[in-house]
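Structural overview
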Amino acid sequence: MRHHTFAPTPPMGWNSWDCYGAAVREEEIRGNAEYMAKHLKDYGWEYVVVDIQWYEPGAVSSQYRPFVPLEMDEFSRLMPAVNRFPSAADGKGFKPLADYVHSLGLKFGIHIMRGIPRQAAHAATPILGTSATARDIAHPNSICPWNTDMYGVDASKEGAQEYYDSLFQLYAEWGVDFVKVDDIAASRLYDAHLDEIAMIRRSIDKCGRDMVLSLSPGPAPLEYEQQFTEGANMWRMTDDFWDLWHLLYGMFERCEKWAPYVKEGSWPDCDMLPLGHLGIRSVDGGGADRWTRFTKDEQVTMMSLWSIFRSPLMFGGEMRDNDDWTLSLLTNEEVLHLHRTGREARQLYREGDRVAWVSGSEDGSTYVALFNAGDEPAEVSVTLEQLGLSGTGVKARDLWQREDLGTVDGKLSKQLQPHASMLVKLTYKST
């Protein structure tokens, strides 16, 4: 599948939702892009993604205003709100902003809701490339339960594919590299919207521009893994993920379930990294303006699990406010090398809240992650026999501490504090 070549390694970038909700502005996108170009691009971070409701002039937080007018062109396609994105004036859309992001050596992404604007359906506005109108293709019984912007698109109707074709042709003209489509991978009302995923896949394939396709929200049903793989590059395994321990605790089970389906170009997605300065205008996740509620041990545990599992990495905080600690989590070359090159990661065992993961690598090394997911200190260990290693000369390196641990004598063991972890690279040389 050609679209798998668009994301041969798990995508890495920044998304505006965790800090700005639906209310991000152009100057904030530009500022975060500049930070990424200066501090993170050399480590593989490249996508700058404008999240939901960039077409809503009055958006002020993560709480949606129901049934308000949205900015839209004459062909039923939503357009950036000019009061929030001034460079979009005169019908330019996101092209000037995308051009600026590209000028920094980065890639530009947007969030959309599946479907067609309700205001377009009510007004029966035209669709480019067909005599059908928005009213003709709208599926008024297919709605998002938490946002009133859109109706679903009825794939059986003439004009449905043409609508999505016109949408992605517009995005190609803007220079979009990444599209996150919401209310599609899973729905509280309707299950996955497989027909619309298929239409979007066809539209991207026709548009003439490589675009990574991300599906939200989750938890994506495992039984549709084949359709997700055939249609997209990444899909959410979880509901919105926030800086709360019980959500991170639950991710171990989700990762174990989805690990066999991690493949080059198609990535089960643990969702965004709620790190650094969050909630500036987003009140979702149970907290307003704050720094992440995760402890430092929990932050390392999250980064270790996401990296060995090979989830996409989408940072959620206001990057310009990053402290040295937060930046260090994003710029550890050894951890990011595992994230790029790991192979066939799996949970090696789980004994209560003691958890061990193992991953191969293209250079023949073995990576091991030890986790104490419990609320009391615990020793977590793994034997070389469990890892399929034998003999002598197995050398260990702690990736987060960036230090060699010497030779492993039969067993790797660590006393871990509650919610803490250890990430180790083992290099085996026979004697």
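The shown structure was predicted, so the numbers you read here are calculated from the model rather than taken from an experiment.

**Things to note about the state of the cysteines**
Going through the model one piece at a time under the given rule, you end up with zero disulfides. Left without a disulfide partner, C255 is nearest to the cysteine sulfur of C270, which lies 3.6 Å away.

**A word on the packing of aromatic side chains**
Counting across every chain of the model gives 21 aromatic pairs. Relative to W174, the ring of W54 lies with its centre 6.1 Å away and its plane at 80°, an arrangement referred to as edge-to-face. With W54 in the loop between β2 (47-50) and α3 (95-103) and W174 in helix α6 (residues 160-174), this residue pair connects regions lying 120 residues apart in the sequence. Summarising the burial analysis for this pair, W54 and W174 share the class buried. Geometrically, the ring pair formed by F168 and Y171 is edge-to-face, given 5.3 Å between the ring centres and 75° between the ring planes.

**Here's the deal with the domain arrangement of the protein**
We note that the domain assignment places domain 1 (2-331) and domain 2 (346-427) within the protein. For domain 1 and domain 2, the distance between their C-alpha centres works out to 34 Å. Contacts between the two partners involve 19 residues from domain 1, matched on the other side by 21 residues from domain 2. For the domain 1 and domain 2 pair, buried surface summed over both sides reaches about 1600 Å², with 65% attributable to carbon and sulfur atoms. Among the residues of domain 1 in contact with domain 2, Y249, F252 and I308 are the three that bury the most area, contributing 36% of the side total. On the surface where domain 1 and domain 2 come into contact, there are zero salt bridges. Put simply, domain 1 and domain 2 have eight residue pairs in polar contact (both at pLDDT 80 or more) between them. Listing elements by their share of the side of domain 1 that touches domain 2, those giving two or more residues are α9 (245-258), α10 (296-309) and α11 (324-330).

**Considerations on the side chain of S282**
Note on placement: S282 falls in the loop between β11 (277-278) and β12 (290-291). S282 gets classed as buried once you look at its relative accessible area, which sits at 0%. At 3.5 Å, the side chain of S282 forms a polar contact with the backbone oxygen of W17. In this structure S282 touches W17, D18, C19, Y20, G21, S62, W242, G287 and A288, once residues within four positions along its chain are discounted.

**Structural notes on the side chain of T133**
Take T133: it is sitting in the loop between α4 (118-123) and α5 (134-137). Dropping the residues within four chain positions of it, T133 is found in contact with A124, T125 and I127.

**So, the pairing of strand β15 (residues 354-361)**
By the criterion of burial, β15 is predominantly enclosed, with six of the eight residues buried. Where strand β14 (residues 342-351) and β15 come together, seven bridges link them in antiparallel fashion. Its bridge partner being in β15, R346 is matched across the sheet by V358. Where β14 folds back onto β15 in an antiparallel hairpin, the turn is made up of two residues, including G352, whose phi is positive at roughly 65°. Sheet analysis places β15 next to strand β16 (residues 366-372), joined by seven bridges and oriented antiparallel.

**Re the nonpolar core**
For soluble globular proteins, nonpolar side chains are generally found buried alongside one another. Among the nonpolar cores identified, the biggest contains 126 residues, and W45, W54, I110, F168, Y171, W306 and W357 are the most heavily contacted of them. For this core, the domains that each give at least three residues are domain 1 (2-331) and domain 2 (346-427). Within the second largest apolar cluster, 20 residues are counted, among which are V358, L389, L412 and A420.

Rules behind the numbers
- Residues numbered from 1 in each chain as written.
- Predicted model: local features only at pLDDT ≥ 70, side-chain atom pairs only at ≥ 80, totals over all residues.
- Heavy atoms only, no water.
- Disulfide = S-S within 2.5 Å.
- Phe/Tyr/Trp six-rings, centres within 6.5 Å; stacked < 30°, edge-to-face > 60°.
- Helix = DSSP H or I, 4+ residues; strand = E, 2+ residues; numbered from the N terminus.
- Buried < 20%, exposed > 50% of the residue type's maximum accessible area, 1.4 Å probe, protein only.
- Domains from an automatic or database assignment.
- Contact = heavy atoms within 4.5 Å.
- Buried area = accessible area lost by both parts, 1.4 Å probe.
- Salt bridge = Lys/Arg side-chain N within 4 Å of Asp/Glu carboxyl O.
- Polar contact = N/O pair within 3.5 Å; in protein donor to acceptor, adjacent residues only side chain to side chain.
- Pairing = 2+ DSSP bridges.
- Core = buried A, V, L, I, M, F, W, Y, C linked by side-chain atoms within 4.5 Å.

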